[in-house]
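What follows is the residue order along each chain.
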Amino acid sequence: MLSTLARTTSRLAARQGRRHAITASIGGANQKHTVVLIRHGESQWNLENRFTGWYNIQLSSKGEIEAAEGGRLIHEAGYTFDIAYTSFLKRAIKTCWHTLEQTGLMHIPIVNAWQLNERHYGGLTGLDKQETVEKHGIDQVMVWRRSYDILPPPVDKKSEFYPGNDPMYKSLSPEELPVTESLATTLKRVLPYWEKVISPEIESGKNVLIAAHGNSLRALVKHLDDIPEDVLTGLNIPTGVPLVYELDDNMKVIPHKDAIAPLQGRYLGDLEKVKARIAGVAKQTKIVFVDSTP
Ligand SMILES: O=C(O)[C@@H](CO)OP(=O)(O)O
């Protein structure tokens with residue numbers, strides 16, 4: 001009993017110390033800013049291995065747990081937020097809620113921005129990723145999944161997967177409604193939102209949480225970490241793992257010693273497990289060897 005109490009007390013002291021360090025650095029001459037990114041927990045279509053994009057699928061039950069676990073890690077590490085940004089999609093919104101619940105911050109403002117949505121997967125939306133490999137070949141599918149600026153085939157404007165048919169997007173102009181997106185075109189909406197809306201809030205001293213998606217976050221970290229296009233193709237972001245960035249006065253990333261290249265921010269949690277989860281994202285499409293021996 002006593003040892004449990006002692007452990008809890010020392011954990012709380014460490015947490016308070018870290019909180020204090022963050023606050024002190026914000027008040028000092030050399031301001032240091034913190035932003036925490038988190039990809040949503042596993043969705044039902046991640047589980048079913050389907051191209052998702054803007055489809056508004058819910059978290060799987062494992063994804064709910066991953067999101068809460070991500071929030072718990074953030075809380076344990078002592079981070080706190082003044083405002084949270086998320087997309088229009090419920091898998092990211094729910095992840096944001098879980099994070100704020102675990103950190104005791106359900107009262108802070110949450111801003112929903114369509115600009116943080118997942119990249120739109122065009123005509124691939126809803127298709128099984130591995131079946132798509134069997135039909136079109138791994139090289140073609142990897143071009144669609146990870147090339148920087150090659151667009152997947154467009155979605156039919158009559159399809160339920162075209163955002164113009166969803167009342168949720170009625171405030172978007174026709175030019176803003178995608179029929180397909182590459183990472184490059186995703187970046188064209190993520191980056192202005194970061195620069196015009198999120199970054200000024202961080203510069204003003206606010207601690208910010210961003211709960212978003214694999215590819216909208218790949219676009220954001222391309223900018224933050226200045227990742228070249230050919231390196232970005234190999235970057236996968238795992239579900240539900242917090243990714244913490246510390247930024248200097250000029251909003252430049254201060255590299256963390258535990259960062260997994262090409263990122264300079266650090267993932268929270270057991271890094272070996274994080275690496276295994278990153279590999280899991282890459283393995284959603286794989287080459288299948290057919291045994292032709294008689
Ligand atoms: O299907 C999607 O929308 C994304 C993220 O789940 O997949 P990928 O990792 O293949 O870009």
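How each quantity is defined
- Here the residue numbering is sequential within each chain, running from 1 through the sequence in written order.
- Totals for whole chains, interfaces and linings use every residue, but because this is a predicted model, local features are given only for residues with pLDDT of at least 70 and side-chain atom pairs only at 80 or more, for both listing and counting.
- Excluded from the side-chain calculations are hydrogens and water; all other atoms, namely the structure's heavy atoms, are used.
- A helix here means a DSSP run of H or I that spans at least four residues, while a strand means a run of E at least two residues long, and both kinds are numbered starting from the N terminus.
- In this scheme, a helix's expected span is set at 1.5 Å multiplied by one less than its residue total.
- Relative accessible area decides the class of each residue, using a 1.4 Å probe on protein chains only: under 20% of the type maximum gives buried, over 50% gives exposed, and in between gives partly exposed.
- Arc definition: directions from the helix axis to the C-beta atoms.
- We call two residues contacting when some pair of their heavy atoms lies within 4.5 Å.
- N or O atoms within 3.5 Å of each other form a polar contact, as long as, within protein, one can give a hydrogen and the other can take it, and as long as residues adjacent in sequence are counted only when both atoms are side-chain atoms.
- Being near a molecule or strand, for a residue, means having at least one of its heavy atoms within 4 Å of it.
- Computed by Shrake-Rupley with a 1.4 Å probe, the accessible areas treat only the displayed protein chains as cover when residues are assessed.
- Under the scheme applied here, ten amino acids are nonpolar (Ala, Val, Leu, Ile, Met, Phe, Trp, Tyr, Cys and Pro), four are charged (Asp, Glu, Lys and Arg), and all others, including Gly, are polar.
- A pairing counts as a salt bridge when a side-chain nitrogen of Lys or Arg comes within 4 Å of a carboxyl oxygen of Asp or Glu.
- Stacked, edge-to-face and tilted labels apply to pairs of Phe, Tyr and Trp rings (six-membered ring for Trp) whose centres lie within 6.5 Å, assigned for plane angles under 30 degrees, over 60, and everything in between, in that order.
- Take the buried residues of types Ala, Val, Leu, Ile, Met, Phe, Trp, Tyr and Cys, join any two whose side-chain atoms come within 4.5 Å, and each joined set is a nonpolar core.
- A score between 0 and 100, pLDDT records how confident the predictor is in each residue.
- UniProt positions are given in the numbering used here, feature names are shortened, and annotations may be inferred rather than shown by experiment.

Colleague: Is there a simple way to think about helix α10 (residues 271-282) in this case?
Modeller: The terminal C-alpha atoms of α10 lie 17 Å apart, and with 12 residues this matches the ideal 16 Å at 1.5 Å per residue to within 8%. Of the positions making up α10, those classed as buried are V274, I278 and V281. End-on view of α10: buried residues confined to an arc of 55 degrees, all on one side of the axis. For α10, the exposed residues set more than 90 degrees away from the buried face come down to E272 and K273. On its buried face, α10 sits against β1 (33-39), α6 (138-146) and β6 (266-267). The N-capping residue of α10, defined by a side-chain oxygen 2.9 Å from the backbone nitrogen of E272, is D270.

Colleague: Any chance you could explain the site of the ligand here in plain terms?
Modeller: As a structural note, the neighbourhood of the ligand is formed by 13 residues, with G53, Y121, K129, R145 and R146 the closest of them. Within the backbone of G53, one N or O atom sits 2.7 Å away from an oxygen atom of the ligand. The side chain of K129 places a nitrogen or oxygen atom 2.8 Å from an oxygen atom of the ligand. Contact with the protein chains hides 98% of the accessible area of the ligand, taken as 320 Å² for the molecule alone. Partitioned by chemical class, the residues of the shell around the ligand number 2 nonpolar, 5 polar and 6 charged.

Colleague: I keep staring at helix α3 (residues 61-76) and nothing clicks. Help me out?
Modeller: For an α-helix, 3.6 residues make a turn, and residues three or four places apart therefore share a direction. The terminal C-alpha atoms of α3 lie 23 Å apart, and with 16 residues this matches the ideal 22 Å at 1.5 Å per residue to within 8%. Buried within α3 we find G63, E66, A67, A68, G70, G71, L73 and I74. Residues of α3 that are buried sit in contact with β1, α4 (90-102), β4 (208-212), β5 (242-247) and α10. Phi for G78, located one or two positions after α3, is positive at around 90 degrees.

Colleague: Would you take a moment to explain the pattern of salt bridges for this structure?
Modeller: Proximity of charged atoms lets side chains of opposite charge pair with each other. Under the criterion given, the structure shown has 11 salt bridges. Taking the shortest distance from any N to any O, the salt bridge between E69 and R72 comes out at 2.9 Å. Of the two residues, E69 and R72 are both situated in helix α3; the distance of 3 residues between them amounts to about one turn of the helix. For the salt bridge of K206 with E201, the shortest nitrogen-to-oxygen distance reads 3.2 Å. When salt bridges that share partners are traced, they join E69, R72 and E76 into one network.

Colleague: Would you mind showing me how to read the packing of aromatic side chains here?
Modeller: The description of an aromatic ring pair uses the distance of the two centres, along with the angle that the planes make with each other. Under the counting rule described, the total for this entry stands at 8 aromatic pairs. Each ring, one from W45 and one from F161, has its centre 6.3 Å from the other, and the planes form 80 degrees; the classification is edge-to-face. With W45 in helix α2 (residues 44-47) and F161 in the loop between α6 and α7 (183-203), this residue pair connects regions lying 116 residues apart in the sequence. Ring plane angle 50 degrees and centroid distance 6.3 Å describe the contact between W54 and W114, whose orientation is recorded as tilted. One end of the pair, W54, is in the loop between α2 and α3; the other, W114, is in the loop between β3 (110-112) and α5 (129-136), with 60 residues separating them in the sequence. Chaining the aromatic ring pairs together yields one cluster made of W54, F88, W114 and Y169.

Colleague: So what exactly am I meant to see when it comes to the environment of K94 here?
Modeller: Following the sequence through the fold, K94 ends up in helix α4. Remark: the alpha-carbon pair of K94 and G41, spanning 53 residues in sequence, is separated by 8.8 Å. The residues touching K94, leaving out its near neighbours within four places in the chain, are L59 and E64.

Colleague: Help me out: how do you make sense of the nonpolar core in this one?
Modeller: It is characteristic of soluble globular proteins that their nonpolar side chains tend to be buried jointly. Within the largest apolar cluster, 39 residues are counted, with the highest numbers of intra-cluster contacts made by W194, I210 and Y245. Breaking this core down by element, the ones donating at least two residues are β1, β2 (83-86), α7, β4, α8 (214-225), β5 and α10. For this core, the leading source of residues is α7, giving 9 residues. When residues no more than four places from it in sequence are discounted, the contact partners of Y245 are H33, T34, V35, L37, V221, L224, D225, V253, L263, Q264 and G265. The next biggest cluster of nonpolar side chains, apart from the first, holds 16 residues, and it includes A77, C96, L209 and A211.

Colleague: What should I look at first to understand the confidence of the model for the chain in this one?
Modeller: Detailed reading of predicted coordinates is not advised where the pLDDT is low. Here the chain averages 91 in pLDDT, and 87% of its residues register 70 or above. Below a pLDDT of 50 lies the segment residues 1-10, which in the model reaches 0 contacts outside its immediate sequence neighbourhood of four places, other chains included. Confidence drops under a pLDDT of 50 for residues 12-29, and excluding neighbours within four residues, the segment shows 22 contacts in the predicted structure.

Colleague: Would you mind going over the UniProt feature "active site" (unreviewed entry) in the chain with me for this structure?
Modeller: In the numbering used here, UniProt assigns the "active site" (unreviewed entry) feature to H40 and E118. Across 79 residues in sequence, these annotated residues keep their C-alpha atoms within 10.4 Å of one another, forming a single compact spot. Position of H40 relative to the elements: it lies in the loop between β1 and α2. With near-sequence residues (within four places) excluded, H40 lies in contact with N46, L59, R91, A92, T95, A212, H213, T239 and G240. Structurally, the position occupied by E118 is in the loop between β3 and α5. On the basis of relative accessibility, which here comes to 6%, the residue E118 falls in the buried class. Residues within four places of E118 in sequence aside, it is in contact with G53, W54, L89, R91, E181, R189, H213, G214, N215 and S216.

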